[in-house]
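# Close look at the chain arrangement
As a plain string of letters, each chain reads:
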Amino acid sequence: MYPQYVNVDVATTRTPEETHLMFVDKLKAGDLNGAVECCFRQGDWNEMKAGLERVKTKGELNTMIKDLDTEIKADFQGDTLSNYTYSVMVDGKLVGGDISFIKNNQGVWLIKSL
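Residues numbered from 1 in each chain as written. Predicted model: local features only at pLDDT ≥ 70, side-chain atom pairs only at ≥ 80, totals over all residues. Heavy atoms only, no water.

### Thoughts on the pairing of strand E2 (residues 81-90)
The pairing of strand E1 (residues 73-77) with E2 spans 4 bridges and is antiparallel. Bridging from a neighbouring strand, Lys-73 pairs with Thr-85 of E2. Linking two consecutive strands that pair antiparallel, namely E1 and E2, is a turn of 3 residues. Taken together, the 10 bridges between E2 and strand E3 (residues 93-103) define a ladder with antiparallel strand orientation. If you follow Asn-83 over to E3, its bridge partner there is Ser-100. Here E2 folds back onto E3, and the loop between the two strands holds 2 residues, one of which, Asp-91, carries a positive phi near 50°. (Pairing = 2+ DSSP bridges. Helix = DSSP H or I, 4+ residues; strand = E, 2+ residues; numbered from the N terminus.)

Next up, the structure:
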């Protein structure tokens, strides 16, 4: 029998945590293209690059990096989809966010949404 979902039986070669760290490191280096190409599905590259350029143009890229440069914690871990949360202090308030990941057929967990 074949698995019900694509990539269920594919061994993990890069974890969501490793993808997250790689994404943040590329952003810190100012490599927006590298950040997108290493960490998102190819079909999402244009949209994500445009989104990061908008954030940069608004002068909010450093804030985004600061927010994302924190530990992520698994909220839901499935065979092919995972959701992680993170939290940071902003103006004395604890603010949280979610990052969703999807596993590709090479076993690499890629960011599905921020």
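After that view of the structure, there is still more to cover.
### Here's the deal with the side chain of His-20
On the secondary structure map, His-20 appears in helix H1 (residues 16-28). Not counting residues up to four positions away in its chain, the partners in contact with His-20 are Leu-68, Thr-70, Ile-72, Ile-99 and Phe-101. (Contact = heavy atoms within 4.5 Å.)

### Remarks on the state of the cysteines
Evaluated as defined, the whole model comprises 1 disulfide. Each sulfur in the disulfide pair Cys-38 and Cys-39 lies 2.4 Å from the other. Because the torsion about its S-S bond is -65°, the bridge between Cys-38 and Cys-39 counts as left-handed. (Disulfide = S-S within 2.5 Å.)

### Details of the sheet that holds E2
Read across the sheet, 4 strands follow the order E1-E2-E3-E4 without closing on themselves; strand pairing throughout is antiparallel. A single partner strand is all that each edge strand has here, and the edge strands are E1 and strand E4 (109-113). Taken over all neighbouring pairs, the strand axes of this sheet differ in orientation by 35° on average, direction set aside. Here H1 sits on the sheet in contact with E1, E2, E3 and E4, set at roughly 70° to E4. Across the sheet, helix H4 (residues 61-68) lies against E2 and E3, angled at about 110° from E2, the strand it touches most. (Axes fitted to C-alpha atoms, helices over the stretch in contact; angles between N-to-C directions.)

### Describing the nonpolar core
Grouped together as the largest cluster of nonpolar side chains are 23 residues, with contacts concentrated most on Phe-23, Leu-27 and Leu-68. Mapped onto this core, the elements with two or more residues apiece are H1, helix H2 (32-39), helix H3 (45-57), H4, E2, E3 and E4. No other element matches H2, which puts 5 residues into this core. Those residues in contact with Leu-68, other than ones at most four positions away along the chain, are His-20, Phe-23, Val-24, Leu-27, Tyr-86 and Ile-99. (Core = buried A, V, L, I, M, F, W, Y, C linked by side-chain atoms within 4.5 Å. Buried < 20%, exposed > 50% of the residue type's maximum accessible area, 1.4 Å probe, protein only.)

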